[in-house]
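Next come the chains, spelled out residue by residue.
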Amino acid sequence: MEIKDTARPLDGTGVSAFLRSLPAKPLLLGLGEARHFVGELGEVRNEIFRHLVEHEGYRSFAIESDCLRGLVVDDHITTGAGTLDDVMERGFSHDFGAPAANRELVRWMRAYNEEHEEKLRFFGFDGPLEYWAESPRQALTALHSLLDGPLPCTMETLDELLGPDDRWSNEATAMDPSLSIGRSADAQRLRLLTDDLVALLDTQTPRLSAEDRERAELYGRTAVGLLRYHHWMADASPERWTRLSALRDAMMAANLRAVAEHGPALVFSSNLHLQRNKSLMSFGDQTLEWWSAGAIAGAHLGDRYAFLASAFGTVGDDIPSPDTVEGLLSTLPWDHSLIDARRLAEAVTKPAPRTSHDFTYFPLDPAQLDMIDGIVFLKRAVRLKKLG
């Protein structure tokens, strides 16, 4: 089998043919990023999403961004609340409001909703965290305000226990666990009260509207997840970062399962967060290993989860060796290709792993091709944002 026999041009016809080749229509179709902030990939993603909406019945989009900030974007596209500039500023974390492709996606989703009765939905599915974490204040107080009495505590008690937000969101805690308040007496009490509030939510579900119930559940799992994360931020053991990485992806997976309840969705995130196999990442003198959000969600959804990894040929001035997967795919005649990854695994013979000079680019792992459903391959990726 030749490499070309495993691939097709990346267009609407190819996307639909790919979906038909799967054992079931995915509720979550993951499109991974081999590197953040690649303009061409964002543009390709937008084209794929428009096709999925117009021809395959998809109605939701989820991105690796703060789940609470994502509510700002969802409100905008469903009701028109706020200006586009304000939404791009307040509705994204990790600088994801800056790329032109994300701005165009939000603009298009809002325009679509103005003309159609069945609305598109937007979701952030990351927690309010990365290496450090935000205060649980927003999630906890919002959950509290949606519940009816008798409540396990007052809002004043929550405010007193939370204290100033900056003692939670201190970025220095990322490298110094002694600065974290995650195991303080206040934090421990907040964990117990949060458990009581989430339990109370379950008892009050029938009185809540569908919208309030959806938001209360989001606030509850976010508060629980943040307090767990802060607890392990205070851990000084060698397993600290493995535990934190796993907790973050578990939060992502819980949010993705909630997204799936709304019907088919396109999910956009790093390959590391969406792949089915364990994620590996060098961190100082450690190699972190944990199950990704995609692996966890896939374990629950089975064949209703599908994963398209992205890969690039030439990344800036970094050209792949001809004996790597990316080097072999660079021989394809199209600038943008869609590859059947499992057939590719059968067609290639022991390709070499790629070593990239760009530490923010994560090459394909040749040993894991049969764990991927498809590959979105861009022959060149040149418009890169400089990080840091």
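Residues numbered from 1 in each chain as written. Predicted model: local features only at pLDDT ≥ 70, side-chain atom pairs only at ≥ 80, totals over all residues. Heavy atoms only, no water.

The protein is annotated in an unreviewed UniProt entry as Erythromycin esterase-like protein from Streptosporangium lutulentum.

The helix and strand tally for the protein stands at 14 helices and 10 strands. Its C-alpha atoms give the protein a radius of gyration of 21 Å, within 12% of the compact-globule value 21 Å for 388 residues. Scored against the burial criterion, the 388 residues of the protein give a buried share of 54%. Contacts in the protein between residues far apart in sequence, at least 24 positions, make up 79% of those at least 6 positions apart. A total of about 17,200 Å² of accessible surface is found on the protein, and carbon and sulfur atoms cover 50% of it. Each charge sign in the protein was given a centre, from 41 positive and 59 negative side chains, and these centres are 3 Å apart. (Helix = DSSP H or I, 4+ residues; strand = E, 2+ residues; numbered from the N terminus. Rg over C-alpha atoms; globule rule 2.2 N^0.38 Å. Buried < 20%, exposed > 50% of the residue type's maximum accessible area, 1.4 Å probe, protein only. Contact = heavy atoms within 4.5 Å. Areas by Shrake-Rupley, 256 points an atom, 1.4 Å probe, with all protein chains shown as cover. Lys, Arg positive; Asp, Glu negative; His and termini not counted. Charge placed at Lys NZ, Arg CZ, Asp CG, Glu CD.)

Attention shifts here to the side chain of Ser356. With respect to the helices and strands, Ser356 occurs in the loop between helix 14 (341–347) and strand 10 (374–381). Here Asp318 takes part through its side chain, which lies 2.7 Å from a polar atom of the side chain of Ser356. Ser356 has contacts with Asp318, Tyr361 and Pro363, leaving out every residue within four places of it along the chain. (Polar contact = N/O pair within 3.5 Å; in protein donor to acceptor, adjacent residues only side chain to side chain.)

Here we come to the packing of helix 6 (residues 137–146) against helix 7 (residues 155–162). Running from amino to carboxyl end, helix 6 crosses helix 7 at an angle of 170 degrees, the nearest separation of the two axes being 11 Å. One way to sum up the angle between helix 6 and helix 7 is to call them roughly antiparallel. Contacts from Arg137, Leu140, Thr141, His144 and Ser145 in helix 6 reach Met155, Leu158, Asp159 and Leu162 in helix 7. Split by residue class, the contact of helix 6 with helix 7 holds four nonpolar, three polar and two charged. (Axes fitted to C-alpha atoms, helices over the stretch in contact; angles between N-to-C directions. Parallel < 35°, antiparallel > 145°, perpendicular 65-115°, else oblique. Nonpolar A, V, L, I, M, F, W, Y, C, P; charged D, E, K, R; others polar.)

If you walk across this open sheet you meet the eight strands as 1-9-10-8-2-5-3-4, and the pairing is mixed. The open sheet has two edge strands, strand 1 (7–9) and strand 4 (121–126), and neither has a second partner. Averaged over all pairs of adjacent strands, the angle between their axes in this sheet comes to 25 degrees, without regard to strand direction. The sheet contact formed by strand 9 (residues 336–340) and strand 10 spans five bridges and is antiparallel. Following the sheet pairing, His336 is matched in strand 10 by Leu378. Against the sheet, helix 2 (residues 39–56) contacts strand 2 (28–33), strand 3 (60–66), strand 5 (265–270), strand 8 (305–315), strand 9 and strand 10, and its axis sits at roughly 140 degrees relative to strand 10. (Pairing = 2+ DSSP bridges.)

Moving on, we come to the nonpolar core. Core analysis: the largest hydrophobic core is formed by 78 residues, its most contacted members being Leu28, Ile375 and Val376. No other element matches strand 8, which puts eight residues into this core. With near-sequence residues (within four places) excluded, Leu28 lies in contact with Leu256, Val259, Ala260, Ala265, Val267, Ala297, Leu301, Arg304, Tyr305 and Ala306. Of all hydrophobic cores here, the second largest spans 27 residues; its members include Leu68, Ala142, Leu197 and Leu218. (Core = buried A, V, L, I, M, F, W, Y, C linked by side-chain atoms within 4.5 Å.)

Time to look at the pattern of salt bridges. Summed over all chains, the structure comprises 21 salt bridges. Taken together, the shared-partner salt bridges connect Glu64, Asp126 and Arg248 into one network. (Salt bridge = Lys/Arg side-chain N within 4 Å of Asp/Glu carboxyl O.)

In the contact formed by helix 1 (residues 12–21) and helix 2, the axes pass within 10 Å of each other and the chain directions differ by 65 degrees. Classified by the interaxial angle, the pair formed by helix 1 and helix 2 is roughly perpendicular. Remark: the crossing between helix 1 and helix 2 carries right-handed chirality. Contacts from Gly12, Thr13, Val15, Ser16, Leu19 and Arg20 of helix 1 reach helix 2 at Ile48, His51, Leu52 and Glu56. Residue classes in the contact of helix 1 with helix 2 are distributed as four nonpolar, four polar and two charged. (Left-handed = near helix turned anticlockwise from the far one by under 90°.)

Another aspect to go through is the side chain of Asp74. For Asp74, the position within the fold is in helix 3 (residues 70–79). There is a polar contact of 3.0 Å between the side chain of Asp74 and the backbone nitrogen of Phe122. The residues contacting Asp74, other than those within four sequence positions of it, are Arg121 and Phe122.

Within the fold, Val72 resides in helix 3. Beyond its immediate stretch of four places on either side in the chain, Val72 contacts Val87, Arg90 and Gly91.

Centre-to-centre distance and the angle between the planes together describe a pair of aromatic rings. Taken as a whole and assessed by the stated rule, the structure comprises 10 aromatic pairs. Each ring, one from Phe92 and one from Phe122, has its centre 5.6 Å from the other, and the planes form 75 degrees; the classification is edge-to-face. With Phe92 in the loop between helix 4 (84–90) and helix 5 (100–115) and Phe122 in strand 4, this residue pair connects regions lying 30 residues apart in the sequence. Grouping residues by exposure puts Phe92 and Phe122 together as buried. Feature note: the residues Phe49, Phe61, Phe92, Trp108, Tyr112 and Phe122 constitute an aromatic cluster, connected by ring pairs. The ring of Trp232 carries Arg243 above its face, with NZ or CZ at 4.0 Å from the centroid. (Phe/Tyr/Trp six-rings, centres within 6.5 Å; stacked < 30°, edge-to-face > 60°. Lys NZ or Arg CZ within 6 Å of the ring centre and 35° of its normal.)

Here we take up the pairing of strand 9. Where strand 1 and strand 9 come together, three bridges link them in antiparallel fashion. Residue pairing in the sheet places Pro9 in a bridge with Ser337 of strand 9.

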